[in-house]
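# Notes for the structure review
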Amino acid sequence: MMFDNDEDKFAEWLQHAAKTYHAPRPTPRDEMWTRIEAARIRRVRPWMRWTLAAAAVLLLGIGIGRWTAQQRTGGPAGTPVASADTSSRDMVYQVAATQYLSRTETFLTGFRADLRAGRADTRFPGQARDLLTTTRLLLDSPAADDPRMRGLLEDLELVLVQISQLPAARQRHDTDLITQGMDQRSVLPKLRSAIPAGPVPVRTQGAT
Amino acid sequence: MDERDLINRVRAGDGIAERALYDAHVDRVYRLAYRLAGDDALAQDFTQETFIRAFEKLDTFRGESALSTWLHAITTTVVLNGLRKVKRFHKREADLEAADGVTGGPRQAEPDLKVRLRQAIDALPQGYRTVFVMHDIEGFTHEEIGVALGVETGTSKAQLSRARAKLRESLADFAGEWVT
């Protein structure tokens, strides 16, 4: 009995002392969730083929921009470039951004029209996820150096996240929140005014 | 919303339900991953992989156990396999070698209980360490551990008992702290 008592004391002491073993910090929920979503997208959903193509176009634009700048200066990509070369590079990003904005405007217009008509196209969340990937690429590109463009991209990111998370059996309340948010931030008017007049310079497959 | 509804909504592709399921379970998954890995970056990787697999395989979940138990089974598989892969690159290997000198020996250069305890737990065989961490630190029951690790409840109890015995031997220098 003495032995059991001693064992119990040790077990109790050990359980208390061991709380310090690899003591975790608070769970980084949002950081991990963002990466989980990105990883799941990368793990090839059928609709992701289109996104990958769109991302490839954007990255190609970035690559062309860098290459152009490098050719004109004769130096590596990181070398400071003359303002004319910078403009040339930025133009490539702007072309990619314009093409994206045009597609997003078409998507959001269609989304609102469907809501007004009482239709519930189940493809909208998937299409929003496609656009969300490109939004985040653009937010990390020089296209977002312009504060107005960055603000617009951030607004679009929020709206697209909300649409991408719409449940299959959505309630009116779910969609009302999205449209109210769009109206409060004047997302569609800002989006339309950010798209230059005339034809969109780059066109890729899958535009909605 | 009860768990069955939540699972059905996730299976139907409901993004909000996915996040709700994640929020309901992520703390315990991350804590377990962190306790076993001892490294934040690894713990995050393991947690992410756990949920990615869980969402992929949710259709195979039959509801015979609680969803948390099923998730913890995935977690331990991911963590233990992951740790095997990174072991040779991980600093912990050096710690294990250092801990070899600690086991059963007289009190040596490292007088700090926290460090000695960590070294002693790290030096446990993986099966003992996993059961000890899950039961004595994270509060899992032997039944939960049995399902998560795919072993009998009795095996879990035996491994815990052996783990404690080894730790008691390793920490003999500190006997005064629990005897009093």
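Residues numbered from 1 in each chain as written. Chains lettered and ligands numbered in written order. Predicted model: local features only at pLDDT ≥ 70, side-chain atom pairs only at ≥ 80, totals over all residues. Heavy atoms only, no water.

## Details of the overall build of chain B
How we decide: Helical segments are the DSSP runs of H or I of at least four residues, strand segments are the runs of E of at least two, and each set is numbered from the N terminus. Partly exposed residues are those whose accessible area sits between 20% and 50% of the maximum for their type, while under 20% is buried and over 50% is exposed, using a 1.4 Å probe and protein chains only. Two residues qualify as a contact provided that any one of their heavy atoms is within 4.5 Å of a heavy atom in the partner residue. The accessible surface values rely on the Shrake-Rupley method and a 1.4 Å probe; as for residues, cover is taken only from the protein chains in view.
Within chain B, the regular secondary structure consists of 10 helices and zero strands. Counted from the first residue to the last, chain B has its helices and strands arranged as α-α-α-α-α-α-α-α-α-α. When the 180 residues of chain B are sorted by exposure, 50% land in the buried category. Taking contacts inside chain B between residues at least 6 apart in sequence as the whole, the part at least 24 apart equals 64%. Total accessible area on chain B stands at roughly 8400 Å², and carbon and sulfur atoms take up 49% of it.

## Points about the packing of aromatic side chains
Test applied: Only the six-membered ring of Trp is used, alongside the rings of Phe and Tyr, when aromatic pairs are assigned; centres must lie within 6.5 Å, and planes under 30 degrees apart are stacked while those over 60 apart are edge-to-face, with the rest tilted. Geometrically, a lysine NZ or arginine CZ counts as sitting over a ring once it is within 6 Å of the ring centre and also within 35 degrees of the ring normal.
What the rule picks out here adds up to 10 aromatic pairs over all chains. Aromatic side chains Phe51 of chain B and Phe55 of chain B sit 6.4 Å apart centroid to centroid with 45 degrees between the ring planes, which places their arrangement in the tilted category. Of this pair, Phe51 of chain B and Phe55 of chain B both sit in helix H3 (residues 40-57), separated by four residues, roughly a single helical turn. By relative accessible area, which is 0% here, Phe51 of chain B ends up buried. Linked through ring pairs, Trp33 of chain A together with Tyr22, Phe51 and Phe55 of chain B together constitute an aromatic cluster. We note Arg28 of chain B situated over the ring of Phe140 of chain B; from NZ or CZ to the ring centre the distance is 4.0 Å.

## Points about the interface of chain B and chain A
Filter applied, for reference: Accessible area that two parts lose when put together, with a 1.4 Å probe and added across both, is what the buried area reports. By salt bridge we mean one thing: a side-chain nitrogen of Lys or Arg within 4 Å of a carboxyl oxygen of Asp or Glu. Any pair of N or O atoms that falls within 3.5 Å is considered a polar contact. Within protein, one atom must be able to donate a hydrogen and the other to accept it, and sequence-neighbouring residues count only if both atoms are side-chain atoms.
Taken together, the contacts link 46 residues of chain B with 33 residues of chain A. The largest contributions to the chain B side of the interface with chain A come from Arg35, Arg168 and Trp178 of chain B, which together make up 16% of the buried area. At the boundary of chain B with chain A, the tally comes to seven salt bridges. For Asp30 of chain A, the salt bridge identified is with Arg19 of chain B, shortest N-O distance 2.7 Å. The interface formed by chain B and chain A holds 20 residue pairs in polar contact (both at pLDDT 80 or more) in total.

## A word on unusual backbone geometry
Residues and elements named next belong to chain A. Positive phi is not limited to glycine here, since His22 has a value of about 45 degrees. Counting through the fold element by element, His22 comes out in the loop between helix H1 (2-17) and helix H2 (29-42). In this structure His22 comes out as buried when scored by relative accessible area, which is 11%. For Ser186, which is not glycine, the phi torsion reads 50 degrees and is therefore positive. With respect to the helices and strands, Ser186 occurs in the loop between helix H7 (172-184) and helix H8 (187-194).

## With respect to the pattern of salt bridges
The tally for this structure, following the rule as stated, stands at 22 salt bridges over all chains. One salt bridge in this structure joins Arg168 of chain B and Asp6 of chain A, with 2.3 Å as the shortest N-O distance. Of this pair, Arg168 of chain B sits in helix H9 (residues 153-170) while Asp6 of chain A sits in helix H1, which puts the two residues in different chains. The residue Glu18 of chain B makes a salt bridge to Arg40 of chain A at a minimum N-O spacing of 2.9 Å. Separated into two different chains, Glu18 of chain B in helix H2 (residues 15-37) and Arg40 of chain A in helix H2 make up a pair that spans both. Each member of the pair, Glu18 of chain B together with Arg40 of chain A, is buried.

## Observations concerning the packing of helix H4 (residues 67-86) of chain B against helix H8 (residues 142-149) of chain B
All names here are of chain B. Definition in use: Orientation is described by lines fitted to C-alpha atoms, with helices fitted over the stretch in contact, and by angles between N-to-C directions that extend from 0 to 180 degrees. Roughly parallel means an angle under 35 degrees; roughly antiparallel means over 145; roughly perpendicular covers 65 to 115; every other angle is labelled oblique. When the near helix sits turned anticlockwise from the far one by under a right angle, the crossing is termed left-handed; a clockwise turn instead gives a right-handed crossing. Here the term charged refers only to Asp, Glu, Lys and Arg, the term nonpolar to Ala, Val, Leu, Ile, Met, Phe, Trp, Tyr, Cys and Pro, and the term polar to all other amino acids, Gly among them.
It is at 8 Å that the axes of H4 and H8 come closest, and there the two elements cross at 55 degrees. By the angle class used here, H4 and H8 are oblique. The chirality of how H4 crosses H8 is right-handed. In contact with Thr69, His72, Ala73, Thr76 and Leu80 of H4, H8 contributes Glu144, Val147, Ala148 and Leu149. Taken together, the residues of the contact of H4 with H8 break down into five nonpolar, three polar and one charged.

## Focus: the confidence of the model for chain A
Do not read the predicted coordinates in detail wherever pLDDT is low. Residue and element names in this part refer to chain A. We apply this condition: pLDDT runs from 0 to 100 and stands for how confident the predictor is about each residue.
When pLDDT is averaged along chain A, the result is 75, and 66% of the positions lie at 70 or above. When mean pLDDT is taken per element in chain A, H2 scores highest with 88 and helix H3 (residues 48-73) scores lowest with 59. This model gives residues 77-82 a pLDDT under 50, and the stretch forms five contacts once residues within four places in sequence are excluded.

## Section: the nonpolar core
Our working rule: Take the buried residues of types Ala, Val, Leu, Ile, Met, Phe, Trp, Tyr and Cys, join any two whose side-chain atoms come within 4.5 Å, and each joined set is a nonpolar core.
With 61 residues, the main nonpolar core has Trp13 of chain A together with Phe51 and Phe132 of chain B as its most contacted residues. Per-element tally for this core: the top contributor is H2 of chain B, with 11 residues. The residues contacting Trp13 of chain A, other than those within four sequence positions of it, are Leu113, Leu171, Phe174, Glu177 and Trp178 of chain B.

## Focus on the side chain of Gln159 of chain B
Secondary-structure assignment places Gln159 of chain B in helix H9. Contacts of Gln159 of chain B, omitting those with residues within four sequence positions, involve Gly127, Tyr128 and Val131 of chain B.

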